[in-house]
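Structural description and commentary
The lines below spell out each chain.
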Amino acid sequence: MVSPEVTSTAVSASAGGDGVFVIRMENPPVNALAPQLLDGLDEALDVAEKDGARVIVIASGVDGFFAAGADIKTMVDVDRDGFMAYGRRLRSTVERVAALDRPTIAAIEGSALGGGLELALACDLRVAARGGKLGLPEAKIGLIPSAGATQRLPKYVGRGRALELMLTARLLDADEALELGLVDRVAETGQAEAQAVSLATRMAGLSIPALTDVIQLVDASFEVPLAEGLAGEVSRVEALFDGPDAREGMRAFLEKRPPRFQ
Ligand SMILES: CCCCCCCCCCCCC[C@H](O)CC(=O)SCCNC(=O)CCNC(=O)[C@H](O)C(C)(C)COP(=O)(O)OP(=O)(O)OC[C@H]1O[C@@H](n2cnc3c(N)ncnc32)[C@H](O)[C@@H]1OP(=O)(O)O
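Residues numbered from 1 in each chain as written. Predicted model: local features only at pLDDT ≥ 70, side-chain atom pairs only at ≥ 80, totals over all residues. Heavy atoms only, no water.

Definition in use: UniProt positions are given in the numbering used here, feature names are shortened, and annotations may be inferred rather than shown by experiment.
As recorded in an unreviewed UniProt entry, the protein chain goes by enoyl-CoA hydratase and comes from Prauserella flavalba. Under the UniProt heading Sequence similarities (unreviewed entry), the entry covering the protein chain gives this text: "Belongs to the enoyl-CoA hydratase/isomerase family."

**Observations regarding the nonpolar core**
What counts is decided by this rule: Grouping buried Ala, Val, Leu, Ile, Met, Phe, Trp, Tyr and Cys residues that are joined through side-chain atoms within 4.5 Å yields what is termed a nonpolar core. When accessible area is computed with a 1.4 Å probe and restricted to protein chains, residues below 20% of their type maximum are described as buried, those above 50% as exposed, and intermediate ones as partly exposed. A run of H or I in DSSP becomes a helix once it reaches four residues, and a run of E becomes a strand once it reaches two; helices and strands are each numbered from the N terminus.
Residues Phe-66 and Leu-182 are the most contacted members of the largest nonpolar core, which totals 51 residues. Among the elements that make up this core, the one with the highest residue count is helix H1 (residues 35–50) (seven residues). Within the second largest apolar cluster, 18 residues are counted, among which are Val-22, Ile-105, Ala-192 and Met-203.

**Focus on a nonpolar patch on the surface**
Rules: Residues forming no salt bridge and having over 30% relative accessible area are the ones grouped into patches, like charges within 9 Å of each other and nonpolar side chains (Val, Leu, Ile, Met, Phe, Trp, Tyr) within 5 Å. Surface accessibility in these figures is a Shrake-Rupley result with a 1.4 Å probe; residues are shielded only by whichever protein chains are displayed. Note on definitions: salt bridges are taken to be side-chain nitrogens of Lys or Arg within 4 Å of carboxyl oxygens of Asp or Glu.
On the surface, Val-78, Phe-83 and Met-84 cluster together into a nonpolar patch covering about 220 Å² of accessible area. Secondary-structure assignment places Val-78 in the loop between helix H2 (72–75) and helix H3 (80–99).

**What to know about the sheet that holds strand S3 (residues 55–60)**
As a reminder of what qualifies: Strands pair, by our definition, only if DSSP identifies at least two bridges between them. In this analysis, axes come from line fits to C-alpha atoms, helices being fitted only over the stretch in contact, and the angle between any two N-to-C directions falls in the range 0 to 180 degrees. Residue contacts follow a heavy-atom distance rule, with two residues in contact if any of their heavy atoms lie within 4.5 Å.
The strand order S1-S2-S3-S5-S7-S10 describes an open sheet built from six strands, whose pairing is mixed. Two strands lie at the open edges of the sheet, namely strand S1 (11–15) and strand S10 (185–187), each paired on one side alone. Sheet twist, expressed as the mean angle between neighbouring strand axes with direction ignored, is 20°. Sheet topology places S3 next to strand S5 (residues 104–108); three bridges connect them, and they run parallel. Counted as the bridge partner of Val-57 is Ile-105 from S5. Packed onto the sheet, H1 meets S1, strand S2 (20–25) and S3 and runs at close to 170° relative to S2.

**Digging into the domain arrangement of the protein chain**
As a reminder of what qualifies: Domain delimitation follows an automatic or database domain assignment. Simply put, the buried area is the total loss of 1.4 Å probe accessible area from both parts when two parts are fitted together. Identification of polar contacts relies on pairs of N or O atoms within 3.5 Å, with a donor-acceptor requirement for protein atoms, meaning one able to donate a hydrogen and the other able to accept it, and with residues adjacent in sequence counted only if both atoms are side-chain atoms. Amino acids are sorted into nonpolar (Ala, Val, Leu, Ile, Met, Phe, Trp, Tyr, Cys and Pro), charged (Asp, Glu, Lys and Arg) and polar (every other residue, Gly among them).
We note that the domain assignment places domain 1 (11–204) and domain 2 (208–254) within the protein chain. Taking the mean C-alpha position of each, domain 1 and domain 2 sit 27 Å from one another. Contact with domain 1, which involves nine residues of that partner, is made by six residues of domain 2. With both sides pooled, the region where domain 1 packs onto domain 2 buries about 650 Å², and carbon together with sulfur makes up 66% of that total. For the pair domain 1 and domain 2, the number of links is one salt bridge. Between Lys-155 and Glu-223 there is a salt bridge whose closest N-O contact spans 2.5 Å. Taken together, domain 1 and domain 2 are joined by two residue pairs in polar contact (both at pLDDT 80 or more). Of the residues that constitute the side of domain 1 that touches domain 2, the class distribution is four nonpolar, no polar and five charged.

Right, dumping it as structure tokens:
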């Protein structure tokens, strides 16, 4: 069901009854991450949170592009203050996606480049369809990725591969991106959103507090000493055990019925 609450012209959204909320970026021709698209993303995220979305999919509604990154046609004429202001604006939305307290999946149909790929990297998982290109070509235009890729990419693909991709500015296809660990699933052309929604639907049937805890513990594993991470597991599982989902999940298992998580 299309969500009428999203009024943006650069984004549409649909909320499924199963708790999966799909946000589609629609800023033709290349889904350049222009301010109106970022405003639309934030509006859609507001609606998703208000509606209690359990899993959020960020997809593309523009043929050929998930997102081509910052709008070079605009960037070429913008002054330093505008560059800095836009950078702050873009990073605000990207980091909001990264910090969401529910799982997020990027459905990459078409090319995801520069800031567009950085938006996908801020999601918890990535599904990429064959036919698109993925890359961080900022060095070709005298810039560097500056919406999180230098910090996230090494965690996904390792230091050497992250450097190779950013130092060559080369583009990958979906299969190589999967091989490197840049994306988590590959779909046939035109099927990225469908595959992402299928994955999201499976996740939406589980305990979202538990999934969110797993995401945060895995992300922390790159930052904290092992002992601190293990202690985090303990404190979180004890809190979950005290929460409503654990009792409901165990009772549903024993009663051989689907759990009704909050
Ligand atoms: C107030 C607003 C200010 C906005 C500017 C301020 C920026 C602040 C930056 C801070 C944040 C940084 C974020 C990030 O880290 C940095 C970036 O994202 S930089 C941009 C990175 N993206 C790219 O470099 C992609 C460049 N595109 C390509 O490599 C190719 O287009 C492609 C995607 C591989 C496809 O190639 P082709 O199939 O050959 O098609 P074309 O190249 O001919 O492209 C078709 C058409 O689309 C236009 N286009 C493509 N990408 C962009 C883009 N990013 N911005 C604008 N326009 C783009 C291209 O020019 C063609 O247009 P046409 O010639 O047909 O008019």
